[in-house]
Amino acid sequence: MDSFKINRRNMLMGTGASLASLALSGRAEAAMKAAVAAQDEAEAQPTPDQVRRMQWWHAAKFGMFIHFGCYSQHARHEWAMEDEAIPLVEYQQFSQEFRPKPGSQRAWAKLAKAAGMKYMVMTTKHHEGFCNWDTKLTDYNAVKQGPKQDLVREYVEAARAEGMRVGFYYSLMDWHHPDGARCATDEDARKRFVEYTHGLIRELLTNYGKIDVLWYDVAWPLDAQGWESERMNKMVFELQPDIIVNNRNHLPGDFSTPEQKIVASNGGRAWESCMTLNDSWGFQRADDNWKSSKTIIRNLISCTRDGGNYLLNIGPRGDGSIPEESVRVLSEVGKWMETNADPVRNSDLCQPRRSTYASFTRIGNTLYMHVHFWPGGDVAISGLQTKVKSARLMKTGQDVKFTQDPYRVHLVGLPMEAPDSPVTTIAIECESEPKQDTDFVRKNKPRGGVGIEA
Ligand code: GLC
């Protein structure tokens, strides 16, 4: 397998070399480089050090993302400054009006814990450039401006008090700093801006104790060389030898970050799907497009059965309060997790996935059928390739009767009303690892004779 991988990579590299020697277009070369990078990423097996650093994170599975900044006060989405082309002086007023109530962060951490989450990642600086902590490198920060407090310190202490692991989101793109755009074309500006950026990250990873995750975002307008990303990560690991970092500073880092979608990585690479609860990361007072707790639970299951994590966002208001809909949905998820967390958090990779009303997780030989649309009375699984030994309802512990033939496991005698809400889980103990083959069913399940029914 290894030599096959090496060969495929060499083949791509070889193609690149011959393209270069033929002096083909820059575009072809860029495509080749992208193909090699994708290949590298897909085939990256975790190193022993990554295994060590990422153990808690893989076990955690479910985290809270928090977008908090001056945009929370403005209340029209964290991209408003650019998407409404708000002049800087006009936008800066929100940095004065932004006055979170002390103790808000503790409520976020309590909600995360109640929802069954194990870690938090808060924006320390978003694209707007405002620093939520007591930085020495700019006055555009939470201590010097409206909040008059170190919001990062409040957050770190609150998270730790509730037993949450602590993550920092950091946007490389900066709409406020004078060098934030011209660094792309002016080498002196680039040098200054890279020193500023590295300096801010250094402060964050020096002044707040042990930090568990560094979550880079938007690396516009520089590439890895421009940001000096290798040096950046080297500093990060020197300051925090146990930390994990994502892949948004143009380096692969420790994990991939599919956004607003659930896409598993190949080849054992770690991944985390980040998602909003409505359609905005930062507070947007008019966004009423809330996901239901059922949707959140289905998404969490889709992540964990494929070996990934789910980072779910809240966007508190400028005063630090959490929108009521977010509280309601996360509380419902938490209530459900009280009974169902084990198979979801501890799922092994789970192959069965075909059903119109259920999704699946697996621990060893036990298949967990999570029914999100309860049809009442009976449920069935098509094409299960192992023998079922027993089944029971997670909510009540009650045994479930079943029959099994080569095509169908039929679970019967179930209550007409769903025993659990918003999703009912049935634990199905099997003789060997449960696998599903619905092609087998399509090809082999007996069909009727022409014109004559038996
Ligand atoms: C995007 C957005 C940003 C958000 C991030 C979360 O990069 O630009 O607003 O913070 O996604 O993943």
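Please read all numbers here as calculations on a predicted model, not as lab measurements. (Residues numbered from 1 in each chain as written. Predicted model: local features only at pLDDT ≥ 70, side-chain atom pairs only at ≥ 80, totals over all residues. Heavy atoms only, no water.)

Our next topic: unusual backbone geometry. Put simply, Trp220 and Pro221 share a cis peptide bond, and its omega is 5°. With respect to the element layout, Pro221 can be found in the loop between strand E4 (213–217) and helix H10 (224–227). The linkage connecting Ser421 with the following residue, Pro422, adopts the cis geometry, with an omega of 0°. Relative to the helices and strands, Pro422 is located in the loop between strand E14 (408–412) and strand E15 (424–430). The phi dihedral of Lys61 falls on the positive side, at around 65°, and the residue is not glycine. Note on placement: Lys61 falls in the loop between helix H3 (48–60) and strand E1 (62–66). (Helix = DSSP H or I, 4+ residues; strand = E, 2+ residues; numbered from the N terminus.)

Turning to the site of the ligand, a few remarks are in order. Taken together, 14 residues sit near the ligand, with His67, Glu78, Trp79, His126 and Glu259 positioned nearest. Calculation on the ligand without its partners gives an accessible area of 310 Å², and the protein chains cover 92% of this total. For the shell around the ligand, the residue count by class is 7 nonpolar, 3 polar and 4 charged. (Near = heavy atom within 4 Å. Areas by Shrake-Rupley, 256 points an atom, 1.4 Å probe, with all protein chains shown as cover. Nonpolar A, V, L, I, M, F, W, Y, C, P; charged D, E, K, R; others polar.)

All right, on to the sheet that holds strand E11 (residues 379–382) then. Read from one edge to the other, the open sheet built from 3 strands follows the order E11-E14-E13, with strand pairing classed as antiparallel. The outermost strands of the open sheet, each flanked by one partner alone, are E11 and strand E13 (401–404). On average, each strand axis in the sheet is tilted by 15° relative to the strand beside it, whichever way the strands run. Judged from the 4 bridges that link them, E13 and E14 form a sheet pairing that is antiparallel. Paired with Gln404 across the two strands is Val409, which belongs to E14. (Pairing = 2+ DSSP bridges. Axes fitted to C-alpha atoms, helices over the stretch in contact; angles between N-to-C directions.)

A cluster of like positive charges, contributed by Arg354, Arg408, Arg442, Lys445 and Arg447, occupies part of the molecular surface. Structurally, the position occupied by Arg442 is in helix H14 (residues 438–444). (Patch = residues over 30% accessible without salt bridge, like charges linked within 9 Å, V, L, I, M, F, W, Y side chains within 5 Å. Salt bridge = Lys/Arg side-chain N within 4 Å of Asp/Glu carboxyl O. Lys, Arg positive; Asp, Glu negative; His and termini not counted. Charge placed at Lys NZ, Arg CZ, Asp CG, Glu CD.)

Geometry of a packed helix pair, given as the angle between the helix axes and the separation of the axes. Where helix H9 (residues 187–206) contacts helix H11 (residues 229–239), the two axes come as close as 10 Å, and the packing angle between them is 15°. The pairing of H9 with H11 is recorded here as roughly parallel in orientation. Between H9 and H11 the crossing geometry is right-handed. Across the interface between the two elements, Val194, Glu195, Thr197, His198, Ile201, Arg202, Leu205 and Thr206 of H9 pack against Arg231, Met232, Met235, Val236 and Leu239 of H11. Tallied by class, residues from the contact of H9 with H11 come to 7 nonpolar, 3 polar and 3 charged. (Parallel < 35°, antiparallel > 145°, perpendicular 65-115°, else oblique. Left-handed = near helix turned anticlockwise from the far one by under 90°. Contact = heavy atoms within 4.5 Å.)

Their axes nearest at 10 Å, the elements helix H12 (residues 293–305) and helix H13 (residues 324–345) cross at an angle of 35°. In this structure, H12 crosses over H13, and the sense of that crossing is right-handed. Here Ser293, Ile296, Ile297, Leu300, Ile301 and Thr304 of H12 lie close against H13, whose contacting residues are Val329, Glu332, Val333, Trp336, Met337 and Val344.

Attention now moves to helix H7 (residues 104–114). For H7, the complete set of buried residues consists of Ser104, Gln105, Trp108, Ala109, Leu111 and Ala112. Take H7 and look down its axis: the buried residues cluster within an arc of 160°, on one side only. Among the structural elements, E1, strand E2 (119–125), helix H8 (151–161), strand E8 (309–314) and H13 are those in contact with the buried residues of H7. (Buried < 20%, exposed > 50% of the residue type's maximum accessible area, 1.4 Å probe, protein only. Arc of directions from axis to C-beta.)

Below, the discussion takes up the pattern of salt bridges. According to the stated counting rule, one finds 35 salt bridges in the structure shown. Salt-bridge contacts for Lys435 lead to Glu433; the nearest nitrogen and oxygen are separated by 3.8 Å. In the salt-bridge network here, residues are joined through shared partners; they are Glu187, Arg190, Lys191, Glu195, Glu228 and Arg231.

For the rest of this paragraph, the subject is the nonpolar core. Counting 78 residues, the largest nonpolar core has Met64, Met120, Phe168 and Leu214 as the members making the most contacts within it. Core analysis: the second largest hydrophobic core is formed by 21 residues, Cys350, Met369, Val371 and Ile381 among them. (Core = buried A, V, L, I, M, F, W, Y, C linked by side-chain atoms within 4.5 Å.)

This part is about the side chain of Lys291. Here Lys291 shows up in the loop between strand E7 (270–275) and H12. Side-chain polar atoms of Lys291 contact the backbone oxygen of Thr276, separated by 2.6 Å. (Polar contact = N/O pair within 3.5 Å; in protein donor to acceptor, adjacent residues only side chain to side chain.)

Moving on: the sheet that holds strand E3 (residues 165–171). The strand order across the open sheet formed by 8 strands is E5-E4-E3-E2-E1-E8-E7-E6, and the pairing between neighbours is parallel. With partners counted over all chains shown, the strands left at the sheet margins are strand E5 (244–245) and strand E6 (255–256), one partner each. Examined bridge by bridge, E7 and E8 share 4 bridges and lie parallel to one another. Residue pairing in the sheet places Cys274 in a bridge with Leu311 of E8. Packed onto the sheet, H13 meets E1 and E8 and runs at close to 155° relative to E1.

Glancing now at the confidence of the model for the chain. In this model, the chain carries an average pLDDT of 92, and 90% of its residues clear a pLDDT of 70 or more. Within the model, the stretch residues 1–24 combines pLDDT values under 50 with 15 contacts to residues more than four positions away or in other chains. (pLDDT = per-residue confidence, 0-100.)

Under the counting rule described, the total for this entry stands at 18 aromatic pairs. Aromatic side chains Trp79 and Trp175 sit 5.0 Å apart centroid to centroid with 70° between the ring planes, which places their arrangement in the edge-to-face category. A residue pair is termed long-range when its members are at least 10 positions apart, and Trp79 in the loop between helix H4 (70–74) and helix H5 (80–83) and Trp175 in the loop between E3 and H9 qualify at 96 residues. On the basis of an interplanar angle of 75° and a centroid distance of 5.5 Å, the ring pair of Tyr91 and Phe94 is categorised as edge-to-face. Of this pair, Tyr91 and Phe94 both sit in helix H6 (residues 88–97), 3 residues apart, which is roughly one turn of the helix. (Phe/Tyr/Trp six-rings, centres within 6.5 Å; stacked < 30°, edge-to-face > 60°.)

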